[in-house]
Amino acid sequence: MNLCIMENCIKPVKAKKYCAMHHQRWRRHGDPNTIKVRKSDPPAVCQWVRCEKPTLCKGYCAKHYYIQRMMKS
Ligand SMILES: [Zn+2]
Ligand SMILES: [Zn+2]
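Predicted model, so just to flag it, every value in this text is computed and none were measured. (Residues numbered from 1 in each chain as written. Chains lettered and ligands numbered in written order. Predicted model: local features only at pLDDT ≥ 70, side-chain atom pairs only at ≥ 80, totals over all residues.)

Our focus in this paragraph is the overall build of the protein. Counting secondary structure elements, the protein contains two helices and zero strands. Burial status across the protein gives 11% buried among its 73 residues. Of the contacts formed within the protein by residues at least 6 apart in sequence, a portion of 2% connects residues at least 24 apart. (Helix = DSSP H or I, 4+ residues; strand = E, 2+ residues; numbered from the N terminus. Buried ≥ 20, exposed ≤ 12 C-beta atoms within 10 Å, placed from the backbone. Contact = placed C-beta atoms within 7 Å.)

Below you can see the structure in the form of structure tokens.
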């Protein structure tokens, strides 16, 4: 099975060497790197104090999402 050609993307290819998500971006914007930003959305930066990494899940970067999950459980 082939994987999406985008860097850091490990999803399987759906079409044109991109996964479903990147293929959709490529079709909509002509560029798989473009993420449509809605004005109502909070800044996509980790909400951890002094962390400015891009969010991965629930407002945290990969590292801090993992940490806050460990702290909650
Ligand atoms: Zn992808
Ligand atoms: Zn973080």
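So much for the structure itself; the text now carries on.
Looking now at unusual backbone geometry. Positive phi, close to 65°, is recorded for R50, a residue that is not glycine. Mapped onto the fold, R50 is located in the loop between α1 (20–29) and α2 (62–72).

This part covers the environment of V13. Relative to the elements of secondary structure, V13 occurs in the segment before α1. Separated by 12 residues in the primary sequence, V13 and M1 place their C-alpha atoms 7.8 Å from one another.

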